[in-house]
Amino acid sequence: MAAVAEILQDGDFYPADPIAAFAWPLLLQAGALAELASGKLALTTRGRAALTEPPHDALRLLWQRWLNRAVLDEFSRIEEIKGQRAAAVLSAAGPRRKTVGEALAACAPGQWTQVDDLFAAMRKSGLNFTIARSDRALWKLYLQDPQYGSLGYDGFHDWPLLQGRYTLAVLFEYAATLGLIDIEYVPPVGAREDYCDNWGGDDLDQLSRYDGLLALRLNPLGAYATGRASAYIPASAPVDTDCRSVRVLPNFDIVALDGLRPADALLLDAFADKTSDRVWTLSAASLLRALDAKRTVKELRCHLAQASLQPLPQTVTTLLDDTERRLGKVRDTGPVHLIECADEALATLLAGDRRLRALCARLGERQLAVPAEKLPAFRKALLAQGYPLACTPPDGSAQAQGKGSARI
């Protein structure tokens, strides 16, 4: 959590209490973007691919996967409610989590909703759930003391106290961390008093770290992630002249005069080689590496134009233009099957056949290249010519194929 907190844009919601820093590692694991390897989190193949995909698609994936396969029960983060670890006390977290997801999707995009109004709307529309498995299990949950502070007493387990706190945990710790909702929040101490009449409540400054969430608004990204919108078009980031703290030099050095925000540093890391604490160096090799990783020169050019204190030097723009021209000169058109003929005469015959020549290309003396999607048609046309297609044995050894046969 300490490592994640250091790179969060503008820090966590509360300086002294991790919310986003706690959620991010769990979200990445739930989304199969990262996994534990030798005691550390490492990117998976899917995680590395996500770095080159539109961020809003990755965020939508994380939200959907969290709703379906979260790493933990969010209610465990309400630490002041004791007795949760006793056997057969809490209900299954999956249905609870999906209910909160449905409640968020029911919010009108762009409109602020007070959390107490959200609680009332959930109950009215039947988006309800229980925290304890049964009335008997409810007695095992308590504040401060298992006997006097039990939540089983009438009036001591109202909806906002249990279901409401769970809803706040899911929305604040995961939906807000992913940026799906805009939120209004204050320090949690004294923000809600719905627990104070419970035995032991007077000794608590807050029931949960989420008590300070007052209102929320489903934003365009949230509407896309919850299915309320079919597409998401990122808004152009406003140019902040106060953030123009990068100097791009004619020798291809990029100097961050006052340091960089984590996101900006990661972007430069993708396109340039870091040569000191505040200096990155552009080169043809570093730009080609970025292009090979499916980044675009336009992305870097726009960033430097906004962040640079002066117009880009001619040497840098020439390097960017030259690199951009190289993109697309060589393209991967997909896998092909290499067909080997028994002799050159057969290869010439097949490559010139009226039906086969549109399905293959001649390679060398005895080889034909067939695109993977055209192989069924090629096989059928080849068979019509009297040549069944055989596969090379796994060990590569020759087999009697019959004179004039073709093989992979």
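Relevant structure appears above.
Residues numbered from 1 in each chain as written. Predicted model: local features only at pLDDT ≥ 70, side-chain atom pairs only at ≥ 80, totals over all residues. Heavy atoms only, no water.

Caption draft 1: Structural context of the pairing of strand 2 (residues 40-43). Relative to strand 2, strand 1 (residues 34-37) runs antiparallel, the two being bridged by four bridges. Its bridge partner lying in strand 2, A34 is registered against L43. The hairpin turn running from strand 1 into strand 2, its antiparallel successor, is two residues long, and S38 in that turn takes a positive phi close to 55°. (Pairing = 2+ DSSP bridges. Helix = DSSP H or I, 4+ residues; strand = E, 2+ residues; numbered from the N terminus.)

Caption draft 2: Representation of the pairing of strand 14 (residues 367-371) within the structure. As judged from the five bridges shared by strand 12 (residues 336-341) and strand 14, these two strands associate in the antiparallel manner. Bridged to L338 within strand 14 is A369. Pairing geometry for strand 13 (residues 361-363) and strand 14, over three bridges, is antiparallel. The residue bridging R362 from the neighbouring strand is L368, located in strand 14.

Caption draft 3: The arrangement of the sheet that holds strand 7 (residues 213-218) in detail. Ordered in space as 4-7-6, the three strands form an open sheet in which the pairing is antiparallel. Single-partner strands in this sheet number two, and they are strand 4 (112-114) and strand 6 (181-185). Direction aside, neighbouring strands of the sheet carry axes that sit 25° apart on average. Relative to strand 7, strand 6 runs antiparallel, the two sharing five bridges. By the bridge assignment, I183 is partnered in strand 7 with L216. Relative to the sheet, helix 8 (residues 160-175) contacts strand 6 and strand 7, its axis offset from that of strand 6 by approximately 115°. (Axes fitted to C-alpha atoms, helices over the stretch in contact; angles between N-to-C directions. Contact = heavy atoms within 4.5 Å.)

Caption draft 4: Representation of the pattern of salt bridges in the model. Using the criterion set out here, one finds 19 salt bridges in the structure. The partner of R96 in a salt bridge is D73, with the nearest N and O atoms 2.8 Å apart. Linking R96 in helix 5 (residues 93-105) with D73 in the loop between helix 4 (55-69) and strand 3 (81-82), this pair joins segments that are 23 residues apart in sequence. Measuring nitrogen to oxygen at the nearest pair gives 2.9 Å for the salt bridge that ties D116 to R192. Placement of D116 in helix 6 (residues 115-124) and of R192 in the loop between strand 6 and strand 7 is noted, with a sequence separation of 76 residues between them. Here D116 falls in the partly exposed class, since its relative accessible area comes to 44%. (Salt bridge = Lys/Arg side-chain N within 4 Å of Asp/Glu carboxyl O. Buried < 20%, exposed > 50% of the residue type's maximum accessible area, 1.4 Å probe, protein only.)

Caption draft 5: Highlighting the nonpolar core. Grouped together as the largest cluster of nonpolar side chains are 67 residues, with contacts concentrated most on W63, I81, L141, F172 and I181. Ignoring any residue separated from it by four or fewer positions in sequence, one finds L141 in contact with I81, K82, G83, Q84, V89, L90, I131, A132, G149, S150 and L151. Core analysis: the next-biggest nonpolar cluster, separate from the first, contains 21 residues, F271, A290, V297 and V316 among them. (Core = buried A, V, L, I, M, F, W, Y, C linked by side-chain atoms within 4.5 Å.)

Caption draft 6: Here's a closer look at the packing of aromatic side chains. Enumeration according to the criterion identifies 14 aromatic pairs in this entry. Geometrically, the ring pair formed by F13 and F172 is edge-to-face, given 4.9 Å between the ring centres and 65° between the ring planes. With F13 in the loop between helix 1 (2-7) and helix 2 (20-30) and F172 in helix 8, this residue pair connects regions lying 159 residues apart in the sequence. When the centroid spacing of 5.7 Å and the interplanar angle of 55° are considered together, the rings of F172 and Y185 count as tilted. In this pair, F172 sits in helix 8 while Y185 sits in strand 6, placing the two residues 13 residues apart along the sequence. Its relative accessible area of 0% is what places F172 among the buried residues. Chaining the aromatic ring pairs together yields one cluster made of F13, Y14, F172, Y185 and Y210. (Phe/Tyr/Trp six-rings, centres within 6.5 Å; stacked < 30°, edge-to-face > 60°.)

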